[in-house]
Amino acid sequence: MEQLHQEQALGSDIEKLIPALGELRIRVFYDFPYLYEGSTEYEENYLQIYTKNPLSIAFVVFDGEKAVGATTGMPLNAESGEIQQPFIERGLNIDEIFYFGESILLPEYRGRGLGHLFFDVREKHALENGFLTTAFCSVVRPEDHELKPADYRSNNEFWTKRGYQQQDYSCRMSWLDRNETQETEKELLFWIKQWK
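It should be emphasised that the depicted structure is a prediction, and the values quoted were computed from it without experimental measurement.

Draft legend 1. Broad picture of the environment of Gly101. Within the secondary structure layout, Gly101 lies in strand E4 (residues 97-105). Under the relative-accessibility criterion, Gly101 is labelled partly exposed at 24%. Taking the C-alpha atoms as reference points, Gly101 and Met74, 27 residues apart in sequence, are found 7.5 Å from one another. In this view, Gly101 contacts Tyr50, Thr72, Gly73 and Arg122; residues no more than four positions away in its chain are not counted.

Draft legend 2. Representation of the side chain of Thr51 within the structure. By the secondary structure assignment, Thr51 is in the loop between helix H2 (40-46) and strand E2 (57-63). Its relative accessible area of 13% is what places Thr51 among the buried residues. Once residues within four sequence positions are removed from consideration, Thr51 is found in contact with Gly11, Ser12, Ile14, Glu15 and Ile18.

Draft legend 3. Quick peek at the environment of Leu76. Considering the arrangement of structural elements, one finds Leu76 in the loop between strand E3 (66-75) and helix H3 (81-89). Measuring from C-alpha to C-alpha, the distance between Leu76 and Phe62 comes to 27 Å, with 14 residues separating the pair along the chain. Those residues in contact with Leu76, other than ones at most four positions away along the chain, are Ile83, Gln84, Phe87, Ile94, Ile97, Phe98 and Tyr99.

Draft legend 4. Focus on helix H1 (residues 18-28). For H1, the set of buried residues is Ile18, Ala20, Leu21, Gly22, Leu24, Arg25 and Val28. Each element contacted by the buried residues of H1 is listed here: H2, E2, E3 and E4.

Draft legend 5. Spotlight on the sheet that holds strand E5 (residues 133-139). Reading across from one edge, E1-E2-E3-E4-E5-E7-E6 is the order of the seven strands in this open sheet, with mixed pairing throughout. At either end of the open sheet lies a strand with only one pairing partner, and these are strand E1 (4-10) and strand E6 (165-175). Neighbour-to-neighbour, the strand axes of the sheet open up by a mean angle of 25°, direction not taken into account. Of the strand pairs in this sheet, E5 and strand E7 (residues 184-194) are connected by seven bridges, and their pairing is antiparallel. Pairing of Thr134 across the sheet is with Lys193, part of E7. Docked against the sheet, H1 engages E2, E3 and E4, running at close to 100° with respect to E3.

Draft legend 6. The arrangement of H3 in detail. For H3, the full list of buried residues reads Ile83, Gln84, Pro86 and Phe87. The buried residues of H3 all sit within an arc of 160° when viewed along its axis, so they share a single face. At its buried positions, H3 is contacted by E4, E5, E6 and E7. Looking one or two residues past H3, Gly91 carries a phi angle of roughly 75°, positive in sign.

Thresholds applied
- Residues numbered from 1 in each chain as written.
- Predicted model: local features only at pLDDT ≥ 70, side-chain atom pairs only at ≥ 80, totals over all residues.
- Heavy atoms only, no water.
- Helix = DSSP H or I, 4+ residues; strand = E, 2+ residues; numbered from the N terminus.
- Buried < 20%, exposed > 50% of the residue type's maximum accessible area, 1.4 Å probe, protein only.
- Contact = heavy atoms within 4.5 Å.
- Pairing = 2+ DSSP bridges.
- Axes fitted to C-alpha atoms, helices over the stretch in contact; angles between N-to-C directions.
- Arc of directions from axis to C-beta.

Laid out in structure tokens, this is it:
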């Protein structure tokens, strides 16, 4: 195994990391709980949103030339309406919230502290830019889902230890599951941390 190295980019400079981000999203989100059947074309289009805001961040870890983990974030006011709406409906100021996108890591690189590093990088960036709250969402799947591995471990405990609280509100997004022939809607619950 080669030496791990990292690359961080902001705003339009994220363009150069899109191929690595897209490839990782397809590989990591294929597994439970996301079960995402992705395509390179979709990923390249979807990830463009990060290049349009100067405060967006992407952070990628490489093992040699191979991207093995990545994380992203952007101001909530630059995110899609489906993600903003639950916050707006609760009277929260979306201009004060920094939204965390992906936090993805190949299985063989887990347990080395990179998950904590991903949160550290995004939180530091959010606080340095004056945000008072950080937030993300996670997909909800039934406990008895047929594709849930017997050894599956939720990240809920990790997120709670990082100071995040699961909320009672969610958003809905659609994507193609690997066991489906057409996109279906999924519920994603929000987690937030107040910094003030």
